[in-house]
Amino acid sequence: ELSRGGTLENQHFCSIAFVDTTGHLLAFAGDPEWTTFTRSTLKALQALPFLEGAGAEHFGFDTEQIALMCASHNGEERHAAIAERMLGQAGLGVGALRCGCHVPLRFSFFDQAPPQGQAFDARYNNCSGKHAGFLAYCVQHQLPLENYTELDHPLQLAVRREVARAMGVAAQSMPVGIDGCSAPNFAVPLSRLAYGYARLAQGAADPEFGASFSRLFDAMTTHPDVVSGTGRNDLALMRAGAGDWVSKVGADGVQVVASRSRAQAFAIKIIDANKPALYAATVETLEQLGWLNDTQRETLQPWRAQQLVNARGVLVGERRAVFDLQEAT
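Criteria and thresholds
- Residues numbered from 1 in each chain as written.
- Predicted model: local features only at pLDDT ≥ 70, side-chain atom pairs only at ≥ 80, totals over all residues.
- Heavy atoms only, no water.
- Salt bridge = Lys/Arg side-chain N within 4 Å of Asp/Glu carboxyl O.
- Helix = DSSP H or I, 4+ residues; strand = E, 2+ residues; numbered from the N terminus.
- Buried < 20%, exposed > 50% of the residue type's maximum accessible area, 1.4 Å probe, protein only.
- Contact = heavy atoms within 4.5 Å.
- Pairing = 2+ DSSP bridges.
- Axes fitted to C-alpha atoms, helices over the stretch in contact; angles between N-to-C directions.
- Phe/Tyr/Trp six-rings, centres within 6.5 Å; stacked < 30°, edge-to-face > 60°.
- Lys NZ or Arg CZ within 6 Å of the ring centre and 35° of its normal.
- Expected span 1.5 Å × (residues − 1).
- Parallel < 35°, antiparallel > 145°, perpendicular 65-115°, else oblique.
- Nonpolar A, V, L, I, M, F, W, Y, C, P; charged D, E, K, R; others polar.
- Patch = residues over 30% accessible without salt bridge, like charges linked within 9 Å, V, L, I, M, F, W, Y side chains within 5 Å.
- Areas by Shrake-Rupley, 256 points an atom, 1.4 Å probe, with all protein chains shown as cover.

Chemist: Let's hear about the pattern of salt bridges: which residues, and what values?
Modeler: Where side chains of opposite charge bring their charged atoms close, a pairing between them can arise. Tallying each qualifying case throughout the model produces 24 salt bridges. A salt bridge links Asp225 to Arg78, with the nearest nitrogen and oxygen atoms 2.2 Å apart. Of this pair, Asp225 sits in helix 11 (residues 224–227) while Arg78 is found in helix 5 (residues 77–89), placing the two residues 147 residues apart along the sequence. We classify Asp225 as partly exposed; its relative accessible area is 22%. Each of Arg161, Glu162, Arg165, Arg199, Asp206 and Glu208 takes part in a single network of salt bridges with overlapping partners.

If you want it as structure tokens, here you go:
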């Protein structure tokens, strides 16, 4: 809830699913089986065909490049350079990318205008790492490049198959949509999304994808600045987690956080996609689950944004979480 001058102004509704590595629902708020498009939370799982097929070894991709495959990055120069390096190692140029070009998130995310006259290409798209990985898979397996984002392309069929396995659902049961970067995206119940990330966080302990999950988790937690970028929520959460938490935000109010030491994960969907509400709900969930120590609580306090101030720094309202996680029976 957001209030202004003591009067309720806005309400943001959410659903949360908290599960373990067996997929057992431990706690929830709202509807834990709410079916939502996974958006960019899917990226780590979309990388499974590439890693399972020894693509990283084939092209010599390092941990930064694997992290960029999972990224919704800021389009900082470092991110663009990693994407370019991935393409080069696959023998390709930026023109092969089918993700399109947008103003880098380091500007648009923070409501800033890019420098006048500066031009950007698809390397700066927040999904360029995922697409560079897609293309590398196609090169390795001698698949067509020009239509790699089509749902019936062998790459996307492999992605759909491995994503479904990771989340424990039937591949054909997942509703399909087209994401902002033109790649297929899938909708699943929140509890299944959380389950996929609980497994990812377990790394080598996972019986199906152990080696791949281990590489993905290690890459994301070692390079959270590559996964997101300066001033971003995933960077703050993974740094606060000190190697134990993997976090991934998706567009339109989706976020997943998993803990390796606890073998647990939770997924959140903010129904109206409000970003500040999402971040506040995520930190409140961490609080209610008892995952926060005093240092982490202080570090993540700004993401709760409990006090609302205007451009002059005047306190004008407050934001507060009004949900309580319920223990599942």
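Chemist: Describe the side chain of Asn74, with residues and values.
Modeler: Looking at the element boundaries, Asn74 is found in the loop between helix 4 (63–69) and helix 5. Residues contacting Asn74, with those up to four places away along its chain left out, are His79, Pro104, Leu105, Arg106, Phe110, Ser228, Gly229, Thr230 and Arg232.

Chemist: Residues and numbers for the pairing of strand 12 (residues 315–319), please.
Modeler: One ladder, built from three bridges, connects strand 1 (residues 2–4) with strand 12; its direction is antiparallel. Looking at strand 12, one finds that Leu2 is bridged to Arg319. Pairing geometry for strand 11 (residues 307–309) and strand 12, over three bridges, is antiparallel. Pairing of Gln307 across the sheet is with Glu318, part of strand 12. In this antiparallel pair of consecutive strands, strand 11 and strand 12, the connection spans five residues, and Gly313 shows a positive phi of 80 degrees.

Chemist: Mind laying out the sheet that holds strand 3 (residues 14–20), listing which residues take part and the relevant values?
Modeler: Strand order in the open sheet formed by six strands is 8-9-10-3-4-13, and the pairing between neighbours is antiparallel. Single-partner strands in this sheet number two, and they are strand 8 (245–250) and strand 13 (326–327). Strand direction decides the pairing type here: strand 4 (residues 25–29) and strand 13, joined by two bridges, are antiparallel. For Ala27, the partnering residue across the bridge sits in strand 13 and is Glu327. Against the sheet, helix 12 (residues 233–241) makes contact with strand 8 and strand 9 (254–259), and its axis sits at roughly 170 degrees relative to strand 8, the strand it touches most.

Chemist: Before we move on, can you summarise the environment of Gly30 with the specific residues and values?
Modeler: As for its placement among the helices and strands, Gly30 is situated in the loop between strand 4 and strand 5 (35–37). Sequence separation between Gly30 and Leu325 is 295 residues, and the spatial gap between their C-alpha atoms is 8.8 Å. Residue contacts for Gly30: discarding those within four places in its chain leaves Cys14 and Ser15.

Chemist: Please give an account of the packing of aromatic side chains that cites residues and values.
Modeler: What the rule picks out here adds up to twelve aromatic pairs. Between Trp245 and Trp291, the ring centres sit 6.3 Å apart and the planes meet at 35 degrees, which makes this aromatic pair tilted. Residue Trp245 is located in strand 8, and its partner Trp291 is located in the loop between helix 13 (275–289) and helix 14 (294–304); the two are separated by 46 residues in the primary sequence. Given the relative accessible area of 1%, Trp245 is considered buried. Ring pairing ties together the aromatic residues Phe18, Trp245, Phe266 and Trp291, which thus form one cluster. Here Arg232 stacks its cationic end above the ring of Phe109, 4.7 Å away from the centre of that ring.

Chemist: Now, about helix 8 (residues 154–167): what can you tell me, with residues and values included?
Modeler: The end-to-end C-alpha distance of helix 8 is 20 Å, a good match for the 20 Å that 14 residues give at a rise of 1.5 Å each. Burial runs high along helix 8: ten of the 14 residues are buried. Buried residues of helix 8: Leu155, Gln156, Ala158, Val159, Arg160, Glu162, Val163, Ala164, Ala166 and Met167, and no others. Gly168 occupies a position one or two residues after helix 8 and carries a positive phi of about 70 degrees.

Chemist: I'd like a description of the sheet that holds strand 2 (residues 7–10), backed by residues and values.
Modeler: Reading across the sheet, the four strands line up as 2-1-12-11 and stay open at both edges, with antiparallel pairing between neighbours. Edge strands, defined here as strands with exactly one partner in the open sheet, are strand 2 and strand 11. Each strand axis lies, on average, 35 degrees off the axis of its neighbour in the sheet, ignoring direction. Bridging between strand 1 and strand 2 involves three bridges; their strand directions are antiparallel. Paired with Arg4 across the two strands is Thr7, which belongs to strand 2.

Chemist: Which residues make up the packing of helix 12 against helix 14, and what are the values?
Modeler: In the contact formed by helix 12 and helix 14, the axes pass within 10 Å of each other and the chain directions differ by 170 degrees. Judged by the angle between their axes, helix 12 and helix 14 are roughly antiparallel. Across the interface between the two elements, Asn233, Ala236, Leu237, Ala240 and Gly241 of helix 12 pack against Gln296, Leu300 and Trp303 of helix 14. Looking at side-chain class alone, the contact of helix 12 with helix 14 contains five nonpolar, three polar and no charged residues.

Chemist: Describe the side chain of Ser212, listing the residues and the values that go with them.
Modeler: Examined against the element boundaries, Ser212 turns out to sit in helix 10 (residues 210–222). Owing to a relative accessible area of 3%, Ser212 belongs among the buried residues under this scheme. Those residues within four positions of Ser212 in sequence are excluded, and the remaining contacts are Leu48, Leu51 and Glu52.

Chemist: Report on a nonpolar patch on the surface, specifying residues and quantitative values.
Modeler: Taken together, the side chains of Phe13, Trp34 and Ile271 define a hydrophobic patch exposed on the protein surface, amounting to about 310 Å² of accessible area. Checked against the element boundaries, Phe13 lands in the loop between strand 2 and strand 3. Look at Phe13 and you get exposed, because its relative accessible area is 57%.

Such coordinate-based values are descriptive only and should not be taken to indicate function.
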